[in-house]
Amino acid sequence: LRAQSYQAGLHCSSWDVAGRPSHGRRAANLYVVTQVEAGHVCPLTMTHAAPATLAAAPHLLRDWLPRIRSRHYDGRFLPFWEKAGVTIGMGMTERQGGTDVRANQTVATPTGADEYEITGHKWFFSAPMSDAFLVLAQAPGGLTCFLMPRFRLDGSVNGLKLVRLKKKLGNRANASSEVEFDHAFAWRVGEEGRGIQAIIEMVQLTRLDCAVSSAGLMRISLALALHHARHRTAFQKKLVDQPAMTALLADLALEAEAMTALVVRLARSFDHVDQKDEEAARARILTPAVKFAVCQNAPCFVFEAMEVLGGNGYVEDSAMPRLYREAPVNAIWEGTGNVMALDLVRAATREPDSLHLLLDELVREIGDQPEIRALA
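What this report covers is the structure whose coordinates are included nearby. (Residues numbered from 1 in each chain as written. Predicted model: local features only at pLDDT ≥ 70, side-chain atom pairs only at ≥ 80, totals over all residues. Heavy atoms only, no water.)

What about the nonpolar core?
Part 1: The biggest cluster of nonpolar side chains holds 85 residues, and the ones touching the most others in it are Leu54, Trp64, Leu134 and Leu147.
Part 2: Among the elements that take part in this core, helix 5 (residues 195-231) stands out by supplying 16 residues, more than any other.
Part 3: One finds Tyr116, Phe125, Val179 and Ala186 within the second-largest nonpolar core, a separate group that totals 15 residues. (Core = buried A, V, L, I, M, F, W, Y, C linked by side-chain atoms within 4.5 Å. Buried < 20%, exposed > 50% of the residue type's maximum accessible area, 1.4 Å probe, protein only. Helix = DSSP H or I, 4+ residues; strand = E, 2+ residues; numbered from the N terminus.)

Written out as structure tokens, the structure is:
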């Protein structure tokens, strides 16, 4: 699946040189792929988002972007310069702070130019089979972002010790780990003390993918529920023709359609952040709000769809248990609901002009609907 997704460019197509790079088109493809199997999406998401952060270190972007753009998935355990394509992972949280990355204790010691040695740990280290990782550590100048390759430049294995894989509720196909760093080699990305500013460019894109993936999970759950209802007879009627079930399925279909429209429209805004102020405002301010809304709704939505199948939906012969276990992860990763709320408040406080610009744009899009305009 990962090889096919790489071939389709789900890890890189927004950064293509040729053709028409588009966050919106890629989001539509990701939406479809998530419906096939969501567990392999995380490494695609992080690899796709990495160039946004690497832009703060142009020399690193120059060396890594051609391999990120490669449509060849190369899973071999080799130094990145010997591979046809690469995967980028991420490690930010530590056991004592979690989302509060300013509490990180991992230490980065400069060894020359932009090179450092990092010692410490990460409580969540995503996609540990990746070829490099964007990590946060405390440098002399404060919390800083680094790119840590799997291999040192002399070809030896870098100082990363994978302590264990996480036993997660769902998302089992995607490896998550704990890691310890022992004088691990890394390059600085951006200035010392500006690690959050550097990594947030990546996080914005991964949050978008969380919302898109959750919308995809809702869509496949609905499809399975509709298929069952159209073929199952109960009380002398097809289940889909029973009035209560018809109403439930209609509600689910409308919600799934709305979430799909919402995430694809948000993805399109990322294509125009450099050209239109209102699109930049939408991308910055609405991303946490949309991530919250879609990802928080997904688990309840999948449950409703599971209930349509009755007992058959609760057994592992059905796809529903896997989808139900997968559904909460996007609401938790890349910022839980309270973190999204804080981020939205922070953005609105720091960028009041952008907030007003966005609200005016949303009111214009609502059009002549007085009851909705009153809420706006």
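A closer look at the environment of His228
Part 1: Structurally, His228 is set in helix 5.
Part 2: What makes His228 buried here is its relative accessible area of 15%.
Part 3: Counting along the chain gives 81 residues from His228 to Leu309, while the straight-line C-alpha distance between them is 6.4 Å.
Part 4: Residue contacts for His228: discarding those within four places in its chain leaves Leu239, Val308, Leu309 and Asn312. (Contact = heavy atoms within 4.5 Å.)

Focus: the packing of helix 7 (residues 277-308) against helix 10 (residues 337-350)
Part 1: Packing of helix 7 against helix 10 brings their axes to within 8 Å, and their N-to-C directions diverge by 160°. Considering the angle they form, helix 7 stands roughly antiparallel to helix 10. Between helix 7 and helix 10 lies a crossing whose hand is left-handed. Contact residues: Arg284, Ile285, Pro288, Ala289, Lys291, Phe292 and Gln296 in helix 7; Gly337, Met340, Asp343, Leu344 and Ala347 in helix 10. (Axes fitted to C-alpha atoms, helices over the stretch in contact; angles between N-to-C directions. Parallel < 35°, antiparallel > 145°, perpendicular 65-115°, else oblique. Left-handed = near helix turned anticlockwise from the far one by under 90°.)

Brief notes about the packing of helix 2 (residues 23-36) against helix 5
Part 1: Taken N-terminus to C-terminus, the directions of helix 2 and helix 5 make an angle of 45°; their axes are 8 Å apart at the nearest point. In this view, helix 2 runs oblique relative to helix 5, as classed from their interaxial angle. Remark: the crossing between helix 2 and helix 5 carries right-handed chirality. Mapping the contact onto sequence places His23, Arg26, Ala27, Leu30, Tyr31, Thr34 and Gln35 in helix 2 and Leu205, Asp209, Val212, Ser213, Ala215, Gly216, Leu217, Arg219 and Ile220 in helix 5.

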